[in-house]
Amino acid sequence: MTTIARKKAADLRSAQWFAPDDLRSFGHRSRMMQLGYSEDDFVGKPVIGILNTWSELNSCHSHFPERVAAVKRGVLQAGGLPVELPTLSVDESFTKPTSMLYRNMLAMEAEEMIRSHPLDGVVLMGGCDKTTPGLVMGGITAGVPMIFLPAGPMLRGNYAGQPLGSGSDAWKYWDERRAGNVSDEQWRGVQAGIARSAGVCMTMGTASTMTAITDALGLTLPGASSIPAVDSAHSRMSSACGRRIVDMVWEDLTPERIVTRASVRNAAIVAMATGCSTNAVVHLIAMARRAGVDLTLDDLDDLGRSTPLLANVRPSGKDYLMEDFYFAGGLLALEQQIAERLDTSAITANGKTLGENIEPAVVYNADVIRPLSNPVYHEGSLAVLRGNLCPDGAIIKPASCDPKYYVHEGPALVFDSYPDMKKAIDDENLDVTPDHALVLRNAGPQGGPGMPEWGMLPIPKALIKQGHRDMLRISDARMSGTSYGACVLHVAPESFVGGPLALLKTGDVVRLDLPNRRLDMLVADDELERRRAAWVPPAPRFERGWGWMYTRHVTQADKGCDFDFLERGFGQAAGEPDIF
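Here the structure is a predicted model, which means the values were calculated and not measured. (Residues numbered from 1 in each chain as written. Predicted model: local features only at pLDDT ≥ 70, side-chain atom pairs only at ≥ 80, totals over all residues. Heavy atoms only, no water.)

Caption draft 1: Quick peek at helix α16 (residues 330-337). In terms of burial, α16 is largely enclosed, as six of its eight residues are buried. Every buried residue of α16 is accounted for by G330, L331, L332, A333, L334 and E335. Where α16 is buried, its residues touch α9 (206-217), α12 (261-274), α15 (322-327) and α17 (354-358). (Buried < 20%, exposed > 50% of the residue type's maximum accessible area, 1.4 Å probe, protein only. Helix = DSSP H or I, 4+ residues; strand = E, 2+ residues; numbered from the N terminus. Contact = heavy atoms within 4.5 Å.)

Caption draft 2: Just unusual backbone geometry, in detail. The residue after R314, namely P315, is reached through a cis peptide bond having omega 10°. Relative to the helices and strands, P315 is located in the loop between α14 (297-306) and α15. Here the amide bond leading from A492 into P493 is cis, since omega sits at -5°, within 30 degrees of zero. As for its position among the elements, P493 is in the loop between β12 (487-492) and β13 (509-513). Phi at A160 takes a positive value of approximately 55°, unusual for a residue other than glycine. Even without being glycine, H490 reaches a positive phi, approximately 60°. Structurally, H490 can be placed in strand β12.

Caption draft 3: Geometry of the pattern of salt bridges. For the coordinates displayed, the defined rule picks out 38 salt bridges. Between R290 and E111 there is a salt bridge whose closest N-O contact spans 3.9 Å. Linking R290 in helix α13 (residues 280-290) with E111 in helix α5 (residues 103-116), this pair joins segments that are 179 residues apart in sequence. Summarising the burial analysis for this pair, R290 and E111 share the class buried. Note that D520 and R518 form a salt bridge whose closest N and O atoms lie 2.7 Å from each other. One network of salt bridges, in which partners are shared, links E92, D129, K130, E453 and R478. (Salt bridge = Lys/Arg side-chain N within 4 Å of Asp/Glu carboxyl O.)

Caption draft 4: Here's a closer look at the environment of I194. Looking at the secondary structure, you find I194 in the loop between α8 (184-193) and α9. Along the sequence, I194 and E379 sit 185 residues apart, while their C-alpha atoms lie 30 Å from each other. Apart from residues no more than four positions distant in its own chain, I194 is found in contact with M154, G157, L164, G165, S166, G167, D169, A170 and M202.

Caption draft 5: A look at the sheet that holds strand β1 (residues 47-52). Taken together, four strands build an open sheet; the order of strands is β2-β1-β3-β4 and the sheet is parallel. If you trace the sheet from one side to the other, it starts and ends with β2 (81-86) and β4 (146-150), each paired once. The average angle at which neighbouring strand axes cross in this sheet is 20°, direction not considered. Bridge count for β1 against β2 is six bridges, and the pairing is parallel. Among the inter-strand pairings, I50 is bridged to a residue of β2, identified as E84. (Pairing = 2+ DSSP bridges. Axes fitted to C-alpha atoms, helices over the stretch in contact; angles between N-to-C directions.)

Caption draft 6: Seen up close, the environment of D513. Mapped onto the secondary structure, D513 falls in strand β13. D513 sits in the buried class, given a relative accessible area of 12%. Separated by 181 residues in sequence, D513 and L332 place their C-alpha atoms 35 Å apart. If near-sequence neighbours (up to four positions away) are discounted, D513 is found in contact with Y406, V407 and R518.

Caption draft 7: Region of the structure containing the pairing of β13. Note that strand β9 (residues 407-415) and β13 share five bridges and pair antiparallel. In the sheet register, E409 faces β13, and the bridge partner there is R511. Alignment of β13 against strand β14 (residues 518-521), held across four bridges, turns out to be antiparallel. Each residue of the ladder has a partner; that of R511, found in β14, is D520. Taking the residues between adjacent antiparallel strands as the criterion, β13 and β14 are bridged by four residues, where R517 takes a positive phi near 55°.

Caption draft 8: Layout of the packing of α12 against α16. Look at α12 against α16: their axes get within 11 Å of each other, and the N-to-C directions meet at 100°. Accordingly, the angle class assigned to the pair α12 and α16 is roughly perpendicular. Contacts between α12 and α16 involve V270, A273 and T274 from the former and L331, L334 and E335 from the latter. Here the contact of α12 with α16 is built from residues that sort into four nonpolar, one polar and one charged. (Parallel < 35°, antiparallel > 145°, perpendicular 65-115°, else oblique. Nonpolar A, V, L, I, M, F, W, Y, C, P; charged D, E, K, R; others polar.)

Written out as structure tokens, the structure is:
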């Protein structure tokens, strides 16, 4: 490992607040003393901010108070001063209409909180879906040394002696309940058994996808994303984060040195190999663009075509959950399987290269973490579609849908709102066949608003009772990373702003051609022009406040749904604050 020149105490960022012999710094020092600190506690020592997304409504992060204590212990051991700062929790379960509406708010809050306070480095504590990209986006732009502490997956669920997977089994049992195959008592049993501990969803949903991506980017301690939330190893990892961030400050190991084009490509390859959530697309693109890396849908599709799926973890895999993945060797073991496809020279948060980190990794169960010679699926997790229905792109997860829909043609059944769709699909007399394509529009970044996870449209009850469990579904929404099925998502441009999905009518024939990456409505161009001329833009969703700001500045799904003014290309990030 290359020897790195270490900072001197006078070069610490916090020294701008505490070191000068002037009236303003006198005030800063006196207020620190008001908090009970002596000058020996903070002068000349790295001040480490712990940005904590805990709340009493965020069940995924319910163990964070104990983990904060572990981080503080590590910071103190390494000679720093830990300070905890609460941030927006953005929990997935309770935040409505969708936590995605507030990802950019968390990113802005994290960036400004870091910049405006005397912090030399930060530990970012997140895990529940949008907390990871939100914190990382803000941390990248703020630019101080940072390390991400992932919440970790919860324990596997259990009902009647059978394992339950977060989300995935909720959808499965709900369909069976709608078909009349699950009793009230069984349903309550699943409800009680599907979430048994602190931690994020234990399928390879959005939470585990995004922490794995952040791990692969080099922003966590190596392999930290795989550790179950309630395992004692998670507490030890938290203390290690505290110790390591102090050294990162002295080494000036900033995100600019870690998040590069090479590490972004590594993260995308790893995501494909894990069977990642479709939400990886909007988040990784947004994170990369904050670092000045112009990651595109075409880049992701190219990697998806060439990267096999190796993690046999639900919902893309068939048999296992995240706890099994951890005991099989975790992310480091998976990365070792595809080392020849990665840039192993990429630097990571522990100061070592990716290659050094994965060299000792071992696969303990080759059915959970497959070798390249025996993949779960021959291509990666995601595919990007284009066509006259989605000229700027759409996403599908081939490994988690019935192969008979890879090439499919059928009439559209179009809904303009989720309530309309929900009412219709519960009507057992609905005129629908398995060949129909269910379509939901006005569910994108502006139309949702916030692009809710509505894209796994429920199978109509009439078809459920006939035994059908999949059909083609198309929307400009997202879907949960725990979801599955022949769902085309993120249609761009979205219908709410006049994308072609707004022109589709019930009865129009839609054609999906996955091998050729096409999604088209078989409607003549002159007819589409007539429909476009008659189209009337819907009324704005918001007239004031955050929503008003959001809808005027959010980009479309293919650009990552960041705010246009927050991307690297919009302008230079603000410098250090004036202290007078």
